[in-house]
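Inside the fold
Listed here are the chains, written in short residue letters.
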Amino acid sequence: MNSVAVFCGANPGNEPWFAEAATELGKTLAQRKIRVLFGGGSVGLMGILADAVLAHGGLITGVITDQLHELELGHTGVPDMIVVESMAERRTLLIKGTDGVITMPGGYGSMDEHFEALTLAQLHQYRKPVGLLNVRGYYDPMLGMLDQMVRFGFLRKQNRKLCIDAPTVPELLDKMVAYEYQAVGKWV
């Protein structure tokens, strides 16, 4: 993998292990020389991730909307910052041309980005790994919901495998490196 998009919260969460995971992910990606594309923010897990990438000499590109940039939420230490008009344009640029997507704990925005990547994978428009860093079981309820979608016939079992997850950075990156795209030809 040469580059990954990382989606994560604009808040740090209320437990220290979220920040620790963001720091570990940023450090590991920098050490592995994997370029990081992220939401461009200086706050929350986004800022912690970017700080870790920069502290370890990694390459990082931010993509932020002009609205968020005007609110002075853009990370001033990131030398490669792209300012766009809309969240849709931001999502497209973050995913386009990457070798994978990692979603850390976050809120609505992170979920929006994660499910956009999964939808593109299901439609055969993104054939790279889409992973969840499931820090201390944060995403267990959502993973259960995906299994429920399969049980009730709203998601094909093979397409459920498009969403990979692991509780630690090394495990997730190993799964992403080994990933082979195998979506069902017709999802309906």
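Described in the following lines is the structure provided in the data block. Computed from a predicted structure; not experimentally measured. (Residues numbered from 1 in each chain as written. Predicted model: local features only at pLDDT ≥ 70, side-chain atom pairs only at ≥ 80, totals over all residues. Heavy atoms only, no water.)

Observations concerning the packing of helix H4 (residues 87-95) against helix H5 (residues 108-122)
To describe two helices that pack against each other, one gives the angle between their axes and the distance between the axes. Just so we agree on the cut-off: Fitting a line to C-alpha atoms yields each axis, with helices limited to the stretch in contact; the angle taken between N-to-C directions then spans 0 to 180 degrees. A run of H or I in DSSP becomes a helix once it reaches four residues, and a run of E becomes a strand once it reaches two; helices and strands are each numbered from the N terminus. Throughout this description, any angle smaller than 35 degrees is read as roughly parallel, any larger than 145 degrees as roughly antiparallel, any in the 65 to 115 degree range as roughly perpendicular, and the remainder as oblique. If you view the pair so one helix is near and one far, a crossing is left-handed when the near helix is turned anticlockwise from the far one by less than a right angle, and right-handed when it is turned clockwise. Between two residues, a contact is recorded if the distance between any of their heavy atoms is within 4.5 Å.
Two numbers describe how H4 lies on H5: the axes approach to 11 Å, and their chain directions differ by 60°. Regarding the angle of H4 to H5, the classification is oblique. Considering how the two elements wind past one another, H4 and H5 form a crossing that is right-handed. Residues Arg-90, Arg-91, Leu-94 and Ile-95 of H4 touch H5, and the partners they reach there are Asp-112, Glu-113, Glu-116, Ala-117 and Leu-120.

Some thoughts on the nonpolar core
As a reminder of what qualifies: Side-chain atoms within 4.5 Å link the members of a nonpolar core, which is a set of buried Ala, Val, Leu, Ile, Met, Phe, Trp, Tyr and Cys residues. Buried means the residue's accessible area, taken with a 1.4 Å probe over protein chains only, is under 20% of the maximum for its type, while exposed means over 50%, and partly exposed covers the values in between.
In terms of nonpolar packing, the biggest core is built from 53 residues, with Val-6, Ile-102 and Met-104 touching the most fellow members. If we ignore the near neighbours within four places in the chain, the residues touching Val-6 are Leu-25, Leu-29, Val-36, Leu-37, Phe-38, Gly-39, Leu-49, Ile-102 and Met-104.

With respect to the sheet that holds strand S2 (residues 35-38)
The following threshold applies: Should DSSP find at least two bridges between two strands, the strands are regarded as paired.
With respect to topology, seven strands assemble into an open sheet ordered S4-S3-S2-S1-S5-S6-S7, the strand pairing being parallel. Taken across any chain shown, the strands that pair with only one partner, and hence form the sheet edges, are strand S4 (80-84) and strand S7 (163-166). Here the average twist between neighbouring strands, direction ignored, is 25°. Running at roughly 170° to strand S1 (residues 3-7), helix H1 (residues 16-31) makes contact with S1, S2, strand S5 (101-103) and strand S6 (130-133) of the sheet. Together, S1, S2, strand S3 (60-65), S4 and S5 form the strand contacts of H4, whose direction differs from that of S3 by roughly 165°.

Describing the state of the cysteines
Stated precisely, the cut-off is as follows: Cysteine sulfur pairs qualify as disulfides if the two atoms are within 2.5 Å.
What the rule picks out here adds up to zero disulfides. Here Cys-8 is not cross-linked by a disulfide; its sulfur's nearest cysteine counterpart is in Cys-163, at 16 Å.

Some points on unusual backbone geometry
Its identity is not glycine, yet Lys-33 carries a phi of approximately 60°, on the positive side. For Lys-33, the location among the structural elements is in the loop between H1 and S2. According to the relative accessible area criterion, Lys-33 is exposed, its value standing at 70%. Even without being a glycine, His-124 presents a positive backbone phi close to 65°. Structurally, His-124 can be placed in the loop between H5 and S6.

Some details on the side chain of Thr-103
As a reminder of what qualifies: Under the rule applied, a polar contact is a pair of N or O atoms within 3.5 Å (in protein, one hydrogen donor and one hydrogen acceptor; residues adjacent in sequence only if both atoms are side-chain atoms).
The topology assignment puts Thr-103 in strand S5. A distance of 2.9 Å separates polar atoms of two side chains, one belonging to Thr-103 and the other to His-114. Leaving out residues up to four positions away in the same chain, Thr-103 has contacts with Phe-7, Ser-110, Met-111, His-114, Gly-131, Leu-132, Leu-133 and Tyr-139.

Quick look at H4
Here is the rule: This arc is taken over the directions from the axis of the helix to the C-beta atoms.
Restricting attention to buried positions, one finds in H4 the residues Arg-90, Arg-91, Leu-94 and Ile-95. For H4, the angular spread of buried residues about the axis comes to 120°, placing them on one side. Positive backbone phi, approximately 80°, marks Gly-97, located one or two places after H4.

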